[in-house]
Amino acid sequence: MTIGARLSSFLPSFRHSVIPSLLIPMDDAQTDHLKAYGLTYKAIQAGLKAEWLLNYRGGSFLVPDLDALRRDAALNGIRFEPVDSGMPAVRGEIEANNMDAVPLEKAPKVAVYAPPNAAPWDDAVTMALQYAGIPFTKIWDADVVNGGLRDYDWLHLHHEDFTGQYSKFFLIYSGLPWLAEMVQRNSDMARRLGFQTVPDLKKAVARGIHGYVENGGFLFAMCTATETIDLALAAEHVDIAATFADGTPIDPDADAKLDWSKSFAFTSAHLEPNPLVASFSDIDGHQVNGGARRQPLGAFTLFNFSAKIDPVPTMLVQNHRQVVSDFYGLTTSFTRNRLKPGVTILAEEEGAPWVKYVHGDLGKGTWTFFGGHDPEDPQHQIGDPPTDLSLHPHSPGYRLILNNVLFPAAKKRELKT
Amino acid sequence: MTRSLNWAAVASLVLVFSADPGRAARGQAIGPGFELERSGRYADAATIYFTTVRSDPTNLPALLGLERTLFVLNRMSELLPLVQQARARLPESPALRSLELRVYAALNQTDSLAAIALRWAASVPRSDAPYREWGLALVDRRMWDEARRAYLTGRKTLGGEGTLAIELAELEQRAGNWEASAAEWVRAVTRSADVGPNAASQLADAPAPVHEHVARILTGPDASVRVRRVGAEVLLAWGQPNEAWVVMDQTLGQDDSDTQVALRRFADLAGALPTPEGHRVRGMALTRWADFVPSPVSDRARAEAVRELLEGGDRAGARRVLEAHADATALGQASLLQILIADGQLDVAAARLEASKTALTADDRGALRLALAQARIARGELDRADAALGDDSSVAAIAQRGWIALYRGNLKGAMEAFRVAGPYATDRAAATERTAMMALLQRIQEESSPELGAALLTLARGDSVAAIAALRRAASRLPVQGGRLEVQLLAGQVAAQKGGDQEAIAVALFDEVVRAGGEGAAPPAAELDWARLLVRTGRSAEAIPHLEHLILTYPNSAFVPEARRVLERAKGAIPKS
């Protein structure tokens, strides 16, 4: 890995462009917000310098004014504005307000953790990457356990259940072919890698990912992966898997034995012991499968950070909308009183006991958790058709995902002393 | 704990509450336990239930609460002595007996479970309940072989082929033994007709590889009428309406209330099939059902049957229904005329239409005139088509006259008629087609073009290949920027739709239009259609440069958004929808 992940400080933002530039506005003037990220990624992938103008017109991008980029923008329906003469005024506005210009210098190498048979449309991040034209590699358990993560700058997790309980669908969807295949595939992998049970394998994978972040990796997780990776890490020496998953019942004292010092974001959670309830713990505020505990969807509000002092959280919340409609996932949100001290809240539902989007540092790396499954399919059910992102080119929820893909490209600033 | 176990517990709870107000009061004492359970605090809930059982050892709601919570907490062994104590006090209670069996099953003590079940069976020698509960307790543990043995012990002891057949059918289904499940459902249906719908609904889930075997069991020569009707419903559910109707038809000899109910059910189930075959068999079932019910229900059923038969492409069947009922309603008359027109008996239809003026509504009459005119056009009889419209001054008739003028080569007259008819006359597809034709005609300066009219008439008559050649000839007589490209584009679109050998012609035509370029909408439209044709024929990589050329050359064209979508698909960046 060549890009350090601790982005607590950045290069001085003031930098005059000597070549003409294209401003890619990210406010309501933009005609395809999602593809704009892909264009910027391709520019830096080609070795060009780009800048992310935080809080300026919805978090706009500045790329060199080259025919190839103009052509790419035209083909993809991305609005751009040539800004030669206007740039001093733009920079002046950035200097005078809660804005900043962050150089983007190296395209991060992206890995998506997913089973080999997962369709490209199985998770929101894969869809966003595919639609924006950002290349990625699919990796799975064997790659993580064998140290393959070191080849990537950015890792995404989505609906993996790191407790090894097949999202607790084992009893509910018993007999269905897709579940049988999932069980078979995971069991085979556990055997192949020398683990007695699938929960043991998944715990090892969770530890591998934890180590990857400590060594400088960028982790972005959504849906079930957020909650279960922390449960798996905290339960390194505790049986938290139901009998159907590992042949032994949950340790009756599991709650008390969990070691939260090993987790990323959460602490002091209580496990859901019922194998028939597809919920893992009280970390999730919405409990979509929790029967009477299920909470209705509302809307979440993005926090405003100081662009010049807190550039990382500022990058993660760049958007043309401040309030975004919520969407369910097996893990939809994160209960406030289960968050570790020091976790940065990026978005919350005002007045609700849960938050939606959180971020933190670990060792040399960072992690970001975003609750829910698909920002444009709020009630997502198993078997639903895939979301066609060409019908949602302005999706503010998907923008948050793509912010995460691009922020590791930001150039580290030397620490001030 | 499985769902069925939970449901058993909850159902027993409801039964207890409703049967005895005193017990309901005892149940209320554990209300806080319920709340704790709902909020996931199982250990606290169990403590409340234990307290209740200590003071009232036969309190069934509390014992069931312990069954639910201790299972989750993996402490079922603590429940056994309490249940044994309660059962000793109330040995006649089936709920306590069942609970005891479930606890033994949960503790995996199958020998004790069998002994307890047989002891209970000995105390109620004519009841199948002990065997049912014994089997269910094992099914909940997914112990299929042991559960099967329990049920078969009950069948052997109590006698009767159909004893515990439903339980065995469900067990075999869960174990994936679909043929055995079907055989058990046959026994269950033979014992009680009421089971039929449930049997059909369960067997509808059988996977495709076993369909043939299951169908043989349900529809073979030895199957009873009742079983064959279940077989017909299952075939319908599998999307085999023709086979289903053959089976159903063979059971319709008897004139009884069961037959009427079976036909109605069959017709309703067929309604879920959107295929022409589905419509056809629904029409046949409704036709037969109408014979069992009095008027006006039978009239409505026949009218619906005719619609379904027509939808299913069975005009002869629809006509038979209509002709068999001479006193047909206006709806029937209209349907009959539609059939005559569709059958090509235009003179007969015209005469009947004239004769039954008063029997038809104005809407029906207008629609039939239009249909007759379109049928005349399809034969190339433009004068008679005009005559069929008569003095009809509706916008639909005016639009139709526009097409007749166009086919005669009178471009100016056609344009005027389309303008008067406006953009909303008739249905959406026809209005869109008219608007597209107006866009084409606008590019042509000439007021008349018999060649183009004849080419379009050939197209309207369904001879695509001849129409493509005729359109190309007509285009060659028009100036490049005066309609030639638009007519070539139309010819290319027809050729692309035709496929096969015509695809090469389509490509040549699109190429010619794209190369010509210019201000009109034809070049980007031709390039988009060209790309679509390439994508459709699996040559997405070749489509990409065309789409990029279109987007970059005609950035303001109305085709650009669609071109971008096709480009995304060609690149595999968005799913097929």
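Residues numbered from 1 in each chain as written. Chains lettered and ligands numbered in written order. Predicted model: local features only at pLDDT ≥ 70, side-chain atom pairs only at ≥ 80, totals over all residues.

### Quick look at the interface of chain A and chain B
Listed per partner, the contact involves 21 residues of chain A and 20 residues of chain B. Elements that contribute at least two residues to the side of chain A that touches chain B include exactly helix H2 (67–76) and helix H4 (124–132) of chain A. Counting residues per element, the side of chain A that touches chain B draws most heavily on H2(A), which supplies three residues. Of the residues belonging to the side of chain A that touches chain B, the class tally is 13 nonpolar, five polar and three charged. (Contact = placed C-beta atoms within 7 Å. Helix = DSSP H or I, 4+ residues; strand = E, 2+ residues; numbered from the N terminus. Nonpolar A, V, L, I, M, F, W, Y, C, P; charged D, E, K, R; others polar.)

### What about the pairing of strand E10 (residues 299–302) of chain A?
All names here are of chain A. Side chains of E10 alternate between two faces, with Phe300 and Leu302 buried and Ala299 and Thr301 left unburied. As paired strands, E10 and strand E11 (residues 323–325) are joined by three bridges and run antiparallel to one another. The residue bridging Ala299 from the neighbouring strand is Ser325, located in E11. Pairing of E10 with strand E13 (residues 344–348) involves two bridges; the strand directions are antiparallel. Bridge pairing in E13 links Thr301 to Glu348. (Buried ≥ 20, exposed ≤ 12 C-beta atoms within 10 Å, placed from the backbone. Pairing = 2+ DSSP bridges.)

### As for the confidence of the model for chain B
All names here are of chain B. With 93% of its residues at a pLDDT of 70 or more, chain B has an overall mean of 88. Throughout residues 1–21 the model reports pLDDT below 50, and contacts reaching past four residues in sequence, or to other chains, amount to 27 contacts. Interface confidence for the predicted complex, given as ipTM, is 0.74, next to a pTM of 0.65. (pLDDT = per-residue confidence, 0-100.)

### What about the environment of B:Gln240?
All names here are of chain B. Locating Gln240 in the fold gives a position in the loop between helix H15 (225–237) and helix H16 (241–249). With 19 C-beta atoms packed within 10 Å, Gln240 lands in the partly exposed category. Sequence-wise, Gln240 and Gly278 are 38 residues apart; in three dimensions their C-alpha atoms are separated by 8.3 Å.

### Comments concerning the sheet that holds strand E2 (residues 50–54) of chain A
All names here are of chain A. Taken in spatial order, the five strands of this open sheet run E4-E1-E3-E2-E5, and their pairing is antiparallel. Each edge of the open sheet is held by one strand with a lone partner, namely strand E4 (81–82) and strand E5 (100–104). Where E2 and E5 come together, five bridges link them in antiparallel fashion. Bridge assignment links Glu51 to a residue of E5, and that residue is Pro103.

### Description of the nonpolar core
In this structure, B:Leu63, B:Phe266 and B:Leu471 are the most contacted members of the largest nonpolar core, which totals 173 residues. At nine residues, helix H32 (residues 522–536) of chain B tops the list of elements feeding residues into this core. Each of domain 1 (1–159) and domain 2 (471–571) of chain B accounts for three or more of the residues forming this core. In this structure B:Leu471 touches B:Ala455, B:Val487, B:Leu490 and B:Ala491, once residues within four positions along its chain are discounted. A:Ala73, A:Ile78, A:Leu400 and A:Val405 belong to the second-largest nonpolar core, a separate cluster that totals 125 residues. (Core = buried A, V, L, I, M, F, W, Y, C linked by C-beta atoms within 7 Å. Domains from an automatic or database assignment.)

### Section: the pairing of E13(A)
Residue and element names in this part refer to chain A. Bridging between E13 and strand E14 (residues 354–362) involves four bridges; their strand directions are antiparallel. Considered in E14, the bridge of Ile345 is made with Val358. Connecting E13 to the next strand, E14, in antiparallel fashion are five residues, including Gly351 with a positive phi near 85°.

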